[in-house]
Every structure is written in C-alpha cells, then in structure tokens.
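So the chains spell out like this:
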Amino acid sequence: MTRTRILKWRGELGLVLPRSVVSSLGLRAGDRLDLDLQHGGIRIQPVDQVNPNLESLLRRVTNRNRHSAIDELPRGRKIW
C-alpha cells in the first residue's frame with residue numbers, strides 16, 4: 001500500500017501522487033484520471049484514450065519497458 005496526502009491548491013483539494021505510482025502508470029501533468037467511489041474508498045485510474053496520438057504513446061515509454069534495438073538482416077525471401 002502506498003500512502004499519500006491531500007493538499008489545498010487554488011481553493012480545491014489535490015491528491016499528491018508518489019513518483020513511483022506516476023512512473024509505473026506513465027502519467028504526466030495534465031493527464032486525465034477517472035475517480036470512482038467504491039466501498040467507502042476512491043478508485044483512481046487513467047482515462048483510456050480512444051485515439052491516442054504518438055506523443056501520448058511515447059510518454060509511456062520508460063527505461064523499464066523499452067526493448068533494445070533490433071538489428072537483423074533479412075533472411076530467405078523476406079523483402080524489407
């Protein structure tokens with residue numbers, strides 16, 4: 001379980017997300033989140049984008065989920 005705190009910001013309350021949570025979900029400032037009240041608690045999840053653009057997809061690439069470059073020459077009758 002990860003603990004956090006609520007801060008007052010410009011007359012509203014804001015939830016502070018730990019860096020570990022932000023990086024594991026690939027979140028950035030300005031990303032949209034869905035909030036659901038469930039069983040006396042809050043469930044928070046990123047809003048799925050129906051048509052993500054390249055920039056939003058690349059923001060989710062991290063050193064942990066990035067694979068190494070593939071340097072393979074064509075073999076057989078493959079056309080590259």
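Conventions used here
- Residues numbered from 1 in each chain as written.
- Predicted model: local features only at pLDDT ≥ 70, side-chain atom pairs only at ≥ 80, totals over all residues.
- Heavy atoms only, no water.
- Helix = DSSP H or I, 4+ residues; strand = E, 2+ residues; numbered from the N terminus.
- Buried < 20%, exposed > 50% of the residue type's maximum accessible area, 1.4 Å probe, protein only.
- Contact = heavy atoms within 4.5 Å.
- Lys, Arg positive; Asp, Glu negative; His and termini not counted.
- Charge placed at Lys NZ, Arg CZ, Asp CG, Glu CD.
- Pairing = 2+ DSSP bridges.
- Patch = residues over 30% accessible without salt bridge, like charges linked within 9 Å, V, L, I, M, F, W, Y side chains within 5 Å.
- Areas by Shrake-Rupley, 256 points an atom, 1.4 Å probe, with all protein chains shown as cover.
- Salt bridge = Lys/Arg side-chain N within 4 Å of Asp/Glu carboxyl O.

1. Description of the overall build of the chain
Step number 1: Counting secondary structure elements, the chain contains two helices and four strands.
Step number 2: Its helices and strands in sequence order give the chain the pattern β-β-α-β-β-α, from N to C terminus.
Step number 3: For the C-alpha atoms alone, the extent of the chain along its principal axes is close to 65 × 30 × 25 Å.
Step number 4: Every one of the 80 residues in the chain was classed for burial, and the buried ones make up 4%.
Step number 5: Considering only contacts in the chain between residues 6 or more positions apart, those separated by 24 or more positions represent 15%.
Step number 6: Charge centroids of the chain, computed over 15 positive and 8 negative side chains, lie 6 Å from each other.

2. Topic: unusual backbone geometry
Step number 1: Non-glycine residue Arg-10 carries a positive phi angle of around 50°.
Step number 2: Take Arg-10: it is sitting in the loop between strand S1 (6–9) and strand S2 (12–15).
Step number 3: With a phi close to 50°, His-39 is a non-glycine residue in the positive phi region.
Step number 4: Judged by relative accessible area, His-39 falls into the exposed class, the value being 85%.

3. Details of the pairing of S2
Within a regular strand, the side chains alternate between the two sheet faces.
Step number 1: For S1 and S2, the ladder comprises four bridges, and the chain directions are antiparallel. Bridging from a neighbouring strand, Lys-8 pairs with Leu-13 of S2.

4. Quick notes on the environment of Arg-60
Step number 1: Structurally, Arg-60 is set in the segment after helix H2 (54–58).
Step number 2: Judged by relative accessible area, which is 34%, Arg-60 ranks as partly exposed.
Step number 3: Through-space distance from the C-alpha of Arg-60 to that of Trp-9 is 27 Å; in sequence the pair is 51 residues apart.
Step number 4: Residues in contact with Arg-60, not counting those within four places in the same chain, are Leu-25, Gly-26 and Asn-65.

5. Notes on a nonpolar patch on the surface
Step number 1: Taken together, Ile-6, Leu-13, Leu-15, Leu-17, Leu-33, Leu-35, Leu-37, Ile-42 and Ile-44 make up a surface patch of nonpolar side chains, about 920 Å² in accessible area.
Step number 2: Elements with a minimum of two residues in the nonpolar patch: S2, strand S3 (33–38) and strand S4 (41–46).
Step number 3: Structurally, the position occupied by Leu-37 is in strand S3.
Step number 4: Under the relative-accessibility criterion, Leu-37 is labelled exposed at 77%.

6. Observations concerning the pattern of salt bridges
Proximity of charged atoms lets side chains of opposite charge pair with each other.
Step number 1: The tally for this structure, following the rule as stated, stands at two salt bridges.
Step number 2: We note a salt bridge from Arg-59 to Asp-31, for which the minimum N-O separation is 3.2 Å. In this pair, Arg-59 sits in the segment after H2 while Asp-31 sits in the loop between helix H1 (19–25) and S3, placing the two residues 28 residues apart along the sequence.
Step number 3: Classification of Arg-59 by relative accessible area gives partly exposed; the value is 26%.
Step number 4: Asp-31 sits in the partly exposed class, given a relative accessible area of 24%.

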